[in-house]
Amino acid sequence: MAAPPPPVPNWAELPDDALLTVFERLGSADVLLGASVVCRSWFRIATREPRLWRRVDLADCCFDPTTDMEAMARAAVDRAAGRLEHFAADRFATGKLLRYIATRTNCLKSLCLLTCMDFRYKDLVVVGKRNPNLDELELTGCLPVRSILKIPMEVIGRAFPHLKRFQLNNRWANIELDEFLDNYQALGISNSMPELHSLQLFANRLHNNALHDILDKCPHLESLDIRQCFNIEVDAALKAKCSRLKDARFPKDSTKDYEYKTFTESPMPGSLTFAIDPPPPPPNYGYPSSDEDGECDDEDCENDGNDSDDDGEDVENQNEDSDDSDLEYLGHIMTHIAGFMV
C-alpha cells in the first residue's frame, strides 16, 4: 500500500518574520504585482510593514506600457509610511511623481532616475528641499544632448547640499557644439557640489578646463568616471591632478563593466541642423529671487502632493513660476559660465 502524500503546507500560516525575509529578497515590483495578492495574510504583511518599503527599486523590472507604473510607485511610497530611503525608476517617473514623493517622505537618501524625461529641474528642487539628507543622485539618460540646458546643475547642487555621489550619464553624440554648451553641466557641478566623493559623467561633453575646475573645487573627490567623454584630452596635467584619486576612469577605458548599454549617436546625413532645446537665453538677466528657482514652501509642496491624487490635474504646472523666470535663471548661470571661459 502506497504511503499517503505529504500534507500540503498552508503558506498563509507562515510566521510574519519568515514572510518578511522572503519579501525583502524579492524586488519591489514582484511584491506589488505578485506576492502581495496571493492571500490576505501576505497582503497584510506587504501593506503594513513600512520597513519592507524603505527601498523601492522599480528600475530593474520589465517596463510594461500597459501597466500604470506611476500608480505602482505611489502605492509603494505610501506603504513606506514616511520612511522611504531609496527610490529608483526607469522611464516612467514624472515631475508629478517626484513631487508626490516629496510630500510623503523626508528620509530619502538616494534617488535614481533612468531615461526619465518628463520632469523639470524644479521638481528635483522640491525633492531636495524636503529631503535634506539625500546624498546619492543618479540621472542616466535623462538629458540627451538636445536637452542639455534642461536642468541647471548649479541649481541641483544647491537643492542637494550634502550630495556625495552623483551620476550624470548619457550617450555620446557625434555633433559639434561650442565649448560654452559643452561645459554647461560640468561647471554647474564644480560650482555647487563641493562635498562630492564620487562622480560619474559617462559620455559627457565637458572639456579639460571644466574638468580641472571640478577637481579643484571638489577636494573630497575619490572616484571619477569620465569614460566616453571624448572632448577630454588625457595629458600630463590631467593625470597629475587625478593622481590623488583612489579610482579614475578615462575616456577610452573599457566599458565592459558599465551597467547600461552604450552606443554613439550620429545625426542622419542631410538632416536638419541640430538644435538645442530650449535655446540659450541672452546672458544678461538678473539673479532671480529664491521663489524663482523652483523652491516652494511646505504648504505649496503639500498642495502639490495632494493635488497629484487627482488625475485630472497637472501638479507639475502648479505653484511654478513663469517661463520667463526660468530663462532669467538660466541666463544667470550662462553668464557665470561665459565668465569662466574668458
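Look up a bit, the structure's there.
Since we're looking at a predicted model, the values are computed, not measured. (Residues numbered from 1 in each chain as written. Predicted model: local features only at pLDDT ≥ 70, side-chain atom pairs only at ≥ 80, totals over all residues. Heavy atoms only, no water.)

Caption draft 1: Looking closely at the packing of aromatic side chains. Counted under the stated rule, the structure contains three aromatic pairs. With 3.8 Å between their ring centres and 10° between their planes, F202 and Y258 make a pair best called stacked. Here Y258 lies in the loop between β8 (247–249) and α12 (298–307) and F202 lies in the loop between β6 (198–200) and α10 (208–217), a separation of 56 residues in the sequence. Given a relative accessible area of 1%, F202 falls into the buried group. By relative accessible area, which is 9% here, Y258 ends up buried. (Phe/Tyr/Trp six-rings, centres within 6.5 Å; stacked < 30°, edge-to-face > 60°. Helix = DSSP H or I, 4+ residues; strand = E, 2+ residues; numbered from the N terminus. Buried < 20%, exposed > 50% of the residue type's maximum accessible area, 1.4 Å probe, protein only.)

Caption draft 2: Expanded view of the packing of helix α4 (residues 69–79) against helix α5 (residues 95–104). Interaxial distance between α4 and α5 falls to 10 Å at its minimum, and their mutual angle equals 10°. Between α4 and α5, the interaxial angle falls into the category roughly parallel. Contact residues: α4 offers E70, A73, R74, V77 and D78, while α5 offers K96, L97, Y100, I101 and R104. Along the lines of polarity and charge, the residues of the contact of α4 with α5 split into five nonpolar, no polar and five charged. (Axes fitted to C-alpha atoms, helices over the stretch in contact; angles between N-to-C directions. Parallel < 35°, antiparallel > 145°, perpendicular 65-115°, else oblique. Contact = heavy atoms within 4.5 Å. Nonpolar A, V, L, I, M, F, W, Y, C, P; charged D, E, K, R; others polar.)

Caption draft 3: A look at the state of the cysteines. The full count for this structure, using the stated rule, is zero disulfides. Just so you know, C142 is unpaired, no disulfide at all, and the nearest cysteine sulfur is the one on C116, 5.1 Å from it. In this structure C142 comes out as buried when scored by relative accessible area, which is 1%. (Disulfide = S-S within 2.5 Å.)

Caption draft 4: Local environment of the nonpolar core. By size, the foremost hydrophobic cluster in this structure holds 75 residues, and its most contacted members are F87, L111, L113, L124, L139, F166 and I189. When sequence neighbours within four positions are dropped, the list of residues in contact with F166 reads L137, L139, M153, I189, M193, L196, S198, L199 and Q200. Membership of the second largest hydrophobic core comes to nine residues, among which are L149, A173, I175 and L177. (Core = buried A, V, L, I, M, F, W, Y, C linked by side-chain atoms within 4.5 Å.)

Caption draft 5: Fine view of the pattern of salt bridges. Applying the stated criterion to the full structure yields twelve salt bridges. With a shortest N-O distance of 2.7 Å, R99 and D123 are connected by a salt bridge. Residue R99 is found in helix α5, and its partner D123 is found in helix α6 (residues 121–130); the two are separated by 24 residues along the sequence. As a salt-bridge pair, E195 and K164 come within 3.6 Å of each other at their nearest N and O atoms. On the criterion of sequence distance, the pair formed by E195 in the loop between α9 (184–190) and β6 and K164 in the loop between α7 (153–159) and β5 (165–169) is long-range, its members being 31 residues apart. Salt bridges here are not isolated pairs; linked through shared partners, they connect D225, R227, R249 and D257. (Salt bridge = Lys/Arg side-chain N within 4 Å of Asp/Glu carboxyl O.)

Caption draft 6: Summary view of the environment of C61. When you line up the elements, C61 lands in the loop between β1 (55–58) and α4. With a relative accessible area of 18%, C61 lands in the buried category. Considered as a pair, C61 and A29 are 32 residues apart in the sequence and their alpha carbons are 6.4 Å apart. Setting aside residues no more than four positions away along its own chain, C61 makes contact with A29 and M69.

Caption draft 7: Here's a closer look at the packing of α5 against α6. It is the contact of α5 with α6, at a shortest axis distance of 9 Å, that shows an interaxial angle of 10°. Classified by the angle their axes make, α5 and α6 are roughly parallel. In this structure, α5 uses G95, L98, R99, A102 and T103 to contact α6, whose residues at the interface are K122, D123, L124, V126, V127 and R130. Taken together, the residues of the contact of α5 with α6 break down into five nonpolar, two polar and four charged.

Caption draft 8: Examining unusual backbone geometry more closely. The phi torsion at A81 lies on the positive side, around 55°, for a residue other than glycine. The topology assignment puts A81 in the loop between α4 and β2 (86–90). Positioned with a positive phi, Q228 is a non-glycine residue whose angle comes to about 60°. You can see Q228 is positioned in the loop between β7 (223–225) and α11 (236–242). Exposure remark for Q228: the relative accessible area of 12% places this residue in the buried category.

Caption draft 9: Local environment of the side chain of H212. Tracing the sequence through the fold places H212 in helix α10. Note on H212: relative accessible area 18%, which makes it buried.

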